Amino acid sequence: MDILVQIVTCLNRTANALGRYLLAPIGWLPGWFSMTIVSAMTGVLLLVVFKYTSNQKAIRRVRDKIKAHLLEMKLFKESAAVTLRAQGRVFLSVSRLLSLSIVPMCVMLVPVCLLMAQLALWYQSRPLRVGEGAVITLKLGGCGESSWPNVIFETNPAADVVVGPVRVQRKREICWHVRARQAGYHQIRFQVDHETTEKELAVGDHYMRLARKRPSWNWLETLLHPSEKPFPPDAAVQSIEIDYPDRASYISGTDWWVVYWFVISMVAAWCFRPWLHVSI
Amino acid sequence: MAKSSIRKISRRTVLKRSAIAVAACAAGVGGGSFWLGRRKRNSTHLGKKVIVIGFDGMDPQLARRMMDAGELPNLAKLRQGGGFRQLGTSIPPQSPVAWANFINGAGPGSHGIFDFIHRHPSEQCAPFFSAAETVSGKGYWDVGDYRLQLNFWPFNHKLPATLLRRQGVPFWDYLDEAGIPSTFYDLPSNYPPSPSQHGNHRCLSGMGTPDMLGTYGTYQHFAEDGPQGTVNEGGGKRTQLIFQQETAKAHLVGPENQFLKESTPTSVEFLVHRDRQANAAVIEVQGRKILLESGSWSPWIRLDFNLSTPAFVPDETAHGICRFYLQEVAPNFRLYVTPINIDPSDPAIQMAEPDSFVQDISDRLGLFYTAGFQEDHKALSNGVFSDDEFVRQAGMVLEERLALLDYALQDYEDGLLFFYFSSTDLQSHMLWWNNNDKHPTRSESEAKKYFGNIRQLYQRLDGVVGDLLARYGNRATLFVMSDHGFANFGRQFNLNSYLRYHGYLGRPECTSLFRDVDWSQTAAYGLGINGLYLNLKGRERDGIIEPGDQQEAILQELTQRLESVRDVNGQQVIHHVHRTDKAYSGSATALAPDLVVGYCRGYRASWATCLGDLTDEILLDNDSAWSADHCADVAEVPGVLFSNRTIDMANPALVDLAPSILNEFGLPIPSSMEGKNIF
Ligand SMILES: [Zn+2]
């Protein structure tokens, strides 16, 4: 698993470098607009990738076969035997078509995951507004019986602690309720025994690239939360999470952005198919 | 917030202007009158403003004393201008009855609301809430454990519905028809909200609006010393919390899943993690964490209750909201959860007219109490809240109301604006005590101290009136009114026990109307707070009293006997007994009691008798924290009426307000109204 985390971390580094600059316009564009542009562009891009990673000739051949079988069904609809045989062949051809897209799917899987993780940084949550509160949860490593380190939330101009620290014994978590004070990106610091640990906090009322969680040493968590470095496996702190508010929008809001992204990218790919001469 | 309100107002203005321009063009081509349809644009109000502020239960005696002492300068200013009168209340002076009088401009005979509780005579005294009734649906599709009701073709099942029982024509219908806009915030006696025919009327329902459990407010209380399992107590549920490694798991009970054949309540699981050292706790509910220090309240939290359906239908979700209040961390962990209110941003039932009105408010104000009763008097009566905790919670309700008033005023242009405050009623029920008699639950000094809160409340609301006067001066006609006044409630009278003692209700050893009463020995019974019913032949299922002479004789006898009841100290208990055949007129009297018992100040119907229970004693001390009331005689607890115009009428009553409001807008007073113009 160690190696997997290292690979994901390495990929994240590239994705972050690209995402930070290529997706930067999201920060000043209206959400619906940026979401539509990003979705349409990914649709077209994926189409191009599909074109060069799939066997286009074979796909065209299978599609022609399907057309022929459908015609056969139409012409001989009185003959049950012919219709049934044609139906079976259509089914087989569709399966063949699906198997032909396995290679391009595999090629696209990783970049799409990386892209979605980058988009989630912008759309899954909204930053805190000045004066707004949120819960920060610091999860400690170790097991139930191990002793608790001394954890201090360092005072900073970005956020005040309203309640906390409150210990959740069972989960080895420490929670604070903080209130944002200053707009911008801030590093909040925690003293854990004698070490200092950091987590980014985003405050503002526009679209900001924000990390809900600084992940633990786990490949999936690292993939889902690419923005900040995962904590090493032997660190006293396992993860730090900020409970940012949901963004309410059916286009560019929490959870819904994925649906919108999927629909628009599919529509865009479908529309650009004839121009790019791609058979799907 | 201010920015969005400006945007909203300006958008409305733009829309209005466009509508006027389009209407003008249409008129020019002669087609306007056709497609503008029934909406009457040529109203007579010409930007007229009328604002009605309802302070439920504001008492004229206390108001007068405080005005004399210079403590209510703004109300005193109105009094100085000839704009103050005692306001006659309803028979009986109960809020649902009184507000319905206000709404119809006529008495209970026109609206058919006579008490909090009515009975079905055909089912021999089966009680139900008078304001609204839920009627069950018809037809269903049986699918395994589920019962689906589909109100479309080919099923055409009839869905269950809640119906407003108030009858007659509400006065805003006349404004609506005349094209005069009217907006009501938290109007009592109007749930579910009556529809607007012409689209000029908006209303957010108040008293009578249920919580998500379909009750008038059910808090949920979790404590280490709570009862095992969940125990229901009037107005609340108590549950024991068991901590393991400082974490406890519990469930918040939500609405019933009506899709199931055996409808069962839904619930939401939550975890409580306690940190004794920090004197605080973390509550985890539906993926959200809430941090609370001992003694602190959470903001409103959204809860999604999953209503399961058969596999082929996607599950439904009902949205509710609640606030958590951490009372104590250790040694006895105690957590109070408000009644689960309907989410105003996504209401599960219609609680406003039009439907979207409550969402418009929520867009600006976020989440807020939506149930009719917001001050949690039940929590105080049941000992879940201390006096101070109740005062604090009631204060939070008032703050929300003031924010709503702010919204209402920003949104208001012209026409009628009605705004309701419950604080003066529910705080008074729990905190009022204006003499040196022994208080039911407090020492003399405590009683004095908490009554001070009522005086402070009056002062705060006087400030609200001051703001309105500063804002509108004489550009708006202002009515500040209450539906009734207030009195101490020190002694309670069990009407049914009295009737049993005098042989009107049998058997002599019976304990409840719903368990062991012998109707063949019963001539009369009490139900609700002020109602007395004869067991009349031909009307009640098991009636024994012959209509006509026997009925008349027993009515006279009971009236005379009840008015002569004296307490142990010789004090009169009942001020007046009203015969409803004389007091009420109109077509909605079918469910009216025969007599309405009007108590003297200091007395009220006992807690037991209201719900048909009998006690050994007829007169008892009230031992509830609900220590003041207004369900006395109409003459004992009048309300207040203030206006920035001189009031000419010497003895105005609630029924006179609707006619006066219509008159302000230049509309005729309908013949169905009993009241007259007060100016
Ligand atoms: Zn009341």
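### Brief notes about the environment of B:Trp297
All names here are of chain B.
So, step 1. Checked against the element boundaries, Trp297 lands in the loop between β17 (288-293) and β18 (301-307).
So, step 2. Sequence-wise, Trp297 and Ser497 are 200 residues apart; in three dimensions their C-alpha atoms are separated by 44 Å.
So, step 3. Apart from residues lying up to four places away in sequence, Trp297 is in contact with Leu292, Arg323, Phe324, Tyr325, Tyr336, Thr338, Phe385, Arg392, Gln393 and Met396.

### Let's talk about the side chain of B:His111
Residues and elements named next belong to chain B.
So, step 1. Within the element layout of this structure, His111 appears in helix α6 (residues 108-111).
So, step 2. A polar contact is formed between the side chain of His111 and the backbone nitrogen of Ile113, at a distance of 3.1 Å.
So, step 3. Each residue touching His111, except ones within four places of it in the same chain, is listed here: Val97, Ala100, Asn101, Asn104, Ala106, Arg165, Arg166, Gln167 and Ala588.

### Some thoughts on the packing of helix α1 (residues 2-22) of chain A against helix α5 (residues 102-123) of chain A
Residues and elements named next belong to chain A.
So, step 1. Running from N to C, α1 and α5 cross one another at 55°; their axes reach a closest spacing of 10 Å. Regarding the angle of α1 to α5, the classification is oblique. Relative to α5, the crossing made by α1 is right-handed. On α5, the residues that touch Leu11, Asn12, Ala15, Asn16 and Gly19 of α1 are Val110, Leu114 and Gln118.
So, step 2. For the contact of α1 with α5, a count of residues per class yields 4 nonpolar, 4 polar and no charged.

### Let's talk about the pairing of strand β13 (residues 236-240) of chain B
Residue and element names in this part refer to chain B.
So, step 1. Across 5 bridges, the pairing between strand β11 (residues 219-223) and β13 is parallel. Residue pairing for β13: Gln220 is matched across the bridge by Lys237.
So, step 2. As consecutive antiparallel partners, strand β12 (residues 230-233) and β13 are separated by 2 residues, and within that stretch Gly235 has a phi angle of approximately 90°, a positive value.

### Examining the side chain of A:Glu200
So, step 1. Looking at the element boundaries, A:Glu200 is found in strand β6 (residues 195-203).
So, step 2. Not counting residues within four places of it along the chain, the set of residues in contact with A:Glu200 comprises A:Tyr185, A:His186, A:Gln187, A:Arg209, A:Glu228, A:Ile242 and A:Tyr244.

### Remarks on the pairing of strand β4 (residues 126-129) of chain B
So, step 1. Of the strand pairs in this sheet, strand β3 (residues 117-120) of chain B and β4(B) are connected by 4 bridges, and their pairing is antiparallel. For B:Ile117, the partnering residue across the bridge sits in β4(B) and is B:Phe129.

### Focus on the coordination of the zinc ion
When four donors bind a metal tetrahedrally, each ideal donor-metal-donor angle is 109.5 degrees, and when six bind octahedrally, the ideal angles are 90 or 180 degrees.
Residue and element names in this part refer to chain B.
So, step 1. Taken together, Asp425 (OD), Asp425 (OD), His429 (NE2) and His630 (NE2) make up the full set of protein donors to the zinc ion, lying 2.0 to 2.5 Å away.
So, step 2. Coordination geometry of the zinc ion: the 4 donor atoms subtend angles of 54 to 148° at the metal centre, consistent with an arrangement described as irregular.
So, step 3. Taken in chain order, the donor set of the zinc ion reads D-x3-H-x200-H. On the criterion of sequence distance, the pair formed by His429 in helix α11 (residues 423-431) and His630 in the loop between β33 (628-629) and β34 (639-643) is long-range, its members being 201 residues apart. Comparing His429 with His630 shows no difference in burial state: the two are buried.

### Some points on the domain arrangement of chain A
All names here are of chain A.
So, step 1. When its domains are assigned, chain A resolves into domain 1 (2-124 + 252-276) and domain 2 (133-242).
So, step 2. When each unit is reduced to the centre of its C-alpha atoms, the spacing between domain 1 and domain 2 is 36 Å.
So, step 3. The partner domain 2 presents 15 residues to the 21 residues of domain 1 that form the contact.
So, step 4. Summing the contributions of domain 1 and of domain 2, the shared interface buries around 1,700 Å²; its carbon and sulfur component is 63%.
So, step 5. When residues of domain 1 are sorted by the area they lose upon contact with domain 2, Val5, Leu121 and Trp122 head the list and together hold 34% of the total.
So, step 6. At the boundary of domain 1 and domain 2, one finds 0 salt bridges.
So, step 7. The interface formed by domain 1 and domain 2 contains 7 residue pairs in polar contact (both at pLDDT 80 or more).
So, step 8. Contributions of two or more residues to the side of domain 1 that touches domain 2 are made by α1 and α5.
So, step 9. Considering each element in turn, the side of domain 1 that touches domain 2 owes the most residues, 9 residues, to α1.
So, step 10. The residue inventory of the side of domain 1 that touches domain 2, partitioned by class, reads 11 nonpolar, 8 polar and 2 charged.

### Digging into the state of the cysteines
So, step 1. Summed over the entire model, instances satisfying the criterion amount to 0 disulfides over all chains.
So, step 2. Not engaged in a disulfide, the cysteine B:Cys322 finds its nearest cysteine sulfur in A:Cys175; these two sulfurs lie 19 Å apart.
So, step 3. Judged by relative accessible area, which is 0%, B:Cys322 ranks as buried.

### Overview of the sheet that holds strand β5 (residues 184-192) of chain A
All names here are of chain A.
So, step 1. Within the open sheet, the 3 strands sit side by side as β2-β5-β6. Their pairing is antiparallel. Of all strands in the sheet, those bounded by a partner on one side alone are β2 (151-153) and β6. Across the sheet, the mean angle separating the axes of adjacent strands is 25° when strand polarity is ignored.

### A word on a nonpolar patch on the surface
Residues and elements named next belong to chain A.
So, step 1. On the surface, Ile3, Leu4, Ile7, Leu11, Leu109, Val110, Trp219, Leu220 and Leu224 cluster together into a nonpolar patch covering about 780 Å² of accessible area.
So, step 2. Elements with a minimum of two residues in the nonpolar patch: α1, α5 and α6 (219-224).
So, step 3. If you tally residues by element for the nonpolar patch, the top one is α1, at 4 residues.
So, step 4. Mapped onto the fold, Leu109 is located in helix α5.
So, step 5. Overall, the relative accessible area of 53% leaves Leu109 in the exposed class.

The rules we used
- Residues numbered from 1 in each chain as written.
- Chains lettered and ligands numbered in written order.
- Predicted model: local features only at pLDDT ≥ 70, side-chain atom pairs only at ≥ 80, totals over all residues.
- Heavy atoms only, no water.
- Helix = DSSP H or I, 4+ residues; strand = E, 2+ residues; numbered from the N terminus.
- Contact = heavy atoms within 4.5 Å.
- Polar contact = N/O pair within 3.5 Å; in protein donor to acceptor, adjacent residues only side chain to side chain.
- Axes fitted to C-alpha atoms, helices over the stretch in contact; angles between N-to-C directions.
- Parallel < 35°, antiparallel > 145°, perpendicular 65-115°, else oblique.
- Left-handed = near helix turned anticlockwise from the far one by under 90°.
- Nonpolar A, V, L, I, M, F, W, Y, C, P; charged D, E, K, R; others polar.
- Pairing = 2+ DSSP bridges.
- Donors = N, O, S within 2.8 Å, 3.2 Å for Na, K, Ca; no water.
- Tetrahedral: all angles 85-135°; square planar, octahedral: opposite > 155°, others 65-115°.
- Buried < 20%, exposed > 50% of the residue type's maximum accessible area, 1.4 Å probe, protein only.
- Domains from an automatic or database assignment.
- Buried area = accessible area lost by both parts, 1.4 Å probe.
- Salt bridge = Lys/Arg side-chain N within 4 Å of Asp/Glu carboxyl O.
- Disulfide = S-S within 2.5 Å.
- Patch = residues over 30% accessible without salt bridge, like charges linked within 9 Å, V, L, I, M, F, W, Y side chains within 5 Å.
- Areas by Shrake-Rupley, 256 points an atom, 1.4 Å probe, with all protein chains shown as cover.

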